[in-house]
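# What the coordinates show
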Amino acid sequence: MSKRQKLILKIAAAVLAFFTALHIFFSILPYPELDLFLKRDFSTRVYDRKNNLVQITPLQNGLRREFISSEQIPRKVKEEFIKAEDKRFWFHWGFDPFAVGRAFFQNVSNKKNVSGASTITMQLAKIINDSYNNQTNEYRQGVNRNLTNKLNETICALKLEARFSKDEILELYLNSIPFGNNVEGIQSASRLYFSKDVKDLTDEEITTLAMIPRRPSYYSPESKYKYPFYMPHLVRYLGENNYFLNAKDVQSKTYRSSMPFEVHLSADLELQRYAQECADNAIRRAKDSRISNISVLVMDVQTGHVLAWVGSNNFLDEESSGQIDGVRFKNQPGSSFKPLLYALALDKGIVKPTDIIADVPKEFGIEKAYIPFNFNNRFNGPVSLRVCLASSLNIPAVYLLDKLGVDVFVEKLEYLHFSNIKEIAHYTQLGLALGGGEVSLYEFLPAFTVLARDGKYIPLRFLSDKYHGSVNKTEPVEVYSEDSARIVADFLSEKNARSLGFGYYQTFETDYPSIFKTGTSNQYQNITALGATPRYAVGVWMGNFSGETVIGKTGSSLPASVAKKILDYLENFDDKESLNFSQPEGYEKVQVCQVSGMKPGPNCVSSVYEYVKKGEEKTACTWHRSEDGKTVVHYPNEYQYWLEMNNGLYSSDHVKIDYSAMPLKIVYPRNDAVFYLESNKKQQRLNLEVTGGITDEIQIYIDDSYYASKRRPFILQIPLEKGNHKCKVICGNQENIVFYEVR
């Protein structure tokens, strides 16, 4: 090798070493502006389960900046921007000496700035530096352009070239260019100006798009895209609670945004629109009922996926506080708690499906008296457990909670993820059976669906399995036994059992197996309906966020009609056959006396089929007896007051009270009860009710002084006077005493 060749090699090696060292030098130089820039957030494209666009979430100050990966950017788009901004992009190291020379001579010749020499990399450096100095996303123009800024951009461009490949630099650049009108990046610009994705642009549109950054007000098309704004309450909830952070499917080699670029919800946009339409119609129908708002939650029973979420009648209606999310807003649920209570009572053996509950006036509590009434202020006497629940009777529900214990029920509700339920129960006590306290549809609907899912609880899920896999999927947790859940579902699904409370014409009667429960708060501020099939569930609340009362009636047909319409839509939407609720495996249906719930005897007038544990032997009915050639019904002692109230409806020859079946007992007042005189009434009296006894007459003593005698029924009134008192009742050789105070 000649000396000349060796010299050339040495020079080449030296040059290579110099530029390699320079490359390494610029790659390790600090660039804090870049570090922050790569972490900035992008707008999230939110899609429904069928890939329909729901929203593109805005950033601070309403800026929209969507990410699109280099692989998704059409080659034609890349070529057009390189042609327009930096023809030698692929060949320089961050700055273009030829462009610098050309710009220098043009500017000198014209004695003013007519041409710049910024490469794409230098433009990116400027965007990065501007972003660092403008972290509130305010769009700024007219930044001072001087030699110092140019020099700084050149150095930063060298840093970028040392850190990224050309393709990565182009990806960073095309996702960051300001296009005016509060959008950045080619994807957002393509959507705003041409109402389509970048991949769908025509050649002419691509050319226009490449020109817009130079002068947005001049080159941008006049027509602008109207961003979709569906499911606003749901999208806001998911964003605020970091659900999107688990959905980062579209990845970037460069950006490290904390927010995902795309999210696919489990919700269905078509169903959402239908649910919103049903909600709007219901509000119009309720115009005269002082109801201004409604919320709807729809879920898949088997997976827990949210299918629709209507937070209010109109998100943009400030007058009705439309931005409040009614799905998460806590309201009194009324009677909607009852199915959960009945399922637990069955699980604990407090009752059996064949039990008859006395729907008669009752006083509960010890320190504080609690006297519930049915919503129609009527008492129905002996009622089967099935009818008590299906017709939503109040007194039997409070009776079950009293027998079960409030703490036991609260513990179960905590398993069902009701928040603050202990605090609620502390002040509602037995009123919890009737929906005292406040809960949300968000909590209630998944809890209600355990009855359609064999007693197993699964929380709500929000993201599509198809796009995000099994994100946040949890295994079902058994909260009730399979048989108890199935029995309660059977109770709720029977039309005839609902007739006592709701009549035979019922809003929620369906052509497919379904269960419904409605509730009205005690002051008529809220009306709620829950409906489910083995496949879908719907919860609907109607009322006012202000707490203003609605019309003074139950009104549950309003939300129930919305729930039914949505279930009709879902069950008829596809060709899938409607599923039936499963039957309890440990039970079988047998004939029982309709009045007593016992095994039908020869004197029983009517019978029904009800669930009995397999292998259980039922006792023959003791209520229906033959006396002097006619059938006489012997009711237990606890029905005497109810029978006295309805003495005109029943013949004394055919109906009797079986008094001797129980020992003598003062039913009312209860021992250690406290009563308060009403100041505006002079003569006030206290009801005295006594049951049992071995004879048909009692003697009553007040404060050890004889007061009166009374033949059956042992129901009368005694004076109500201030002070501590003692009431003693004697029947034959039996006696019973209670103490009470009047203040």
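In the block above lies the structure referred to throughout.
Residues numbered from 1 in each chain as written. Predicted model: local features only at pLDDT ≥ 70, side-chain atom pairs only at ≥ 80, totals over all residues. Heavy atoms only, no water.

If you tally the helices and strands in the protein, you get 23 helices and 27 strands. With 743 residues in all, the protein has 52% of them scored as buried. Within the protein, contacts between residues at least 6 apart in sequence are counted, and of these 67% link residues at least 24 apart. Accessible area for the protein stands at about 35,800 Å²; split by element, carbon and sulfur atoms hold 49% of it. (Helix = DSSP H or I, 4+ residues; strand = E, 2+ residues; numbered from the N terminus. Buried < 20%, exposed > 50% of the residue type's maximum accessible area, 1.4 Å probe, protein only. Contact = heavy atoms within 4.5 Å. Areas by Shrake-Rupley, 256 points an atom, 1.4 Å probe, with all protein chains shown as cover.)

Let's shift gears to the pattern of salt bridges. Taken as a whole, this structure holds 34 salt bridges when the rule is applied. One salt bridge connects Lys-76 with Glu-80, and the closest N-O pair in it is separated by 4.0 Å. Of this pair, Lys-76 and Glu-80 both sit in helix H3 (residues 75–85), separated by four residues, roughly a single helical turn. Assessed through its relative accessible area of 12%, Glu-80 is described here as buried. Of the charged contacts in the structure, one is a salt bridge between Lys-352 and Glu-616, with a shortest N-O distance of 3.3 Å. On the criterion of sequence distance, the pair formed by Lys-352 in the loop between helix H13 (338–347) and strand S8 (356–359) and Glu-616 in the loop between strand S16 (607–613) and strand S17 (624–627) is long-range, its members being 264 residues apart. Linked by salt bridges that have partners in common, Arg-45, Glu-66, Arg-191, Asp-197 and Glu-262 make up one network. (Salt bridge = Lys/Arg side-chain N within 4 Å of Asp/Glu carboxyl O.)

Take the sheet that holds strand S26 (residues 723–731) next. Taken together, five strands build an open sheet; the order of strands is S21-S27-S26-S23-S24 and the sheet is mixed. Edge strands, defined here as strands with exactly one partner in the open sheet, are strand S21 (673–675) and strand S24 (705–711). Looking at each pair of strands side by side, their axes are set apart by 25 degrees on average, direction ignored. The pairing of S26 with strand S27 (residues 734–742) spans nine bridges and is antiparallel. In the sheet register, His-725 faces S27, and the bridge partner there is Tyr-740. (Pairing = 2+ DSSP bridges. Axes fitted to C-alpha atoms, helices over the stretch in contact; angles between N-to-C directions.)

This brings us to the sheet that holds strand S13 (residues 526–532). Within the open sheet, the five strands sit side by side as S7-S6-S14-S13-S12. Their pairing is antiparallel. This sheet does not close on itself; its edge strands, each paired only once, are strand S7 (306–310) and strand S12 (515–520). Going from strand to strand, the sheet's axes swing by 10 degrees on average, the running direction of each strand aside. Pairing analysis gives four bridges linking strand S6 (residues 293–300) to S7, with the strands arranged antiparallel.

With 85 residues, the main nonpolar core has Leu-265, Leu-340, Leu-416, Phe-418 and Leu-432 as its most contacted residues. By residue number, the principal contributor to this core is H13, which donates seven residues. In terms of nonpolar packing, the next biggest core, distinct from the first, is built from 46 residues, Cys-156, Tyr-173, Ile-206 and Tyr-227 among them. (Core = buried A, V, L, I, M, F, W, Y, C linked by side-chain atoms within 4.5 Å.)

The geometry of an aromatic ring pair is captured by two quantities: the separation of the ring centres and the angle between the planes. Across all of its chains, the model carries 31 aromatic pairs by this definition. For the ring pair Tyr-635 and Trp-642, a centre distance of 5.6 Å and an interplane angle of 80 degrees mean the geometry is edge-to-face. Each member of the pair, Tyr-635 together with Trp-642, is buried. Seen from their ring centres, Phe-675 and Tyr-740 are 6.3 Å apart, and the 80 degrees between their planes marks the pair as edge-to-face. Placement of Phe-675 in strand S21 and of Tyr-740 in strand S27 is noted, with a sequence separation of 65 residues between them. Judged by relative accessible area, which is 4%, Tyr-740 ranks as buried. Over the ring of Tyr-480 we find Lys-412, and its NZ or CZ is 5.4 Å from the ring centre. For Lys-589, the ring lying beneath its charged end belongs to Tyr-611, and the centroid distance is 5.0 Å. (Phe/Tyr/Trp six-rings, centres within 6.5 Å; stacked < 30°, edge-to-face > 60°. Lys NZ or Arg CZ within 6 Å of the ring centre and 35° of its normal.)

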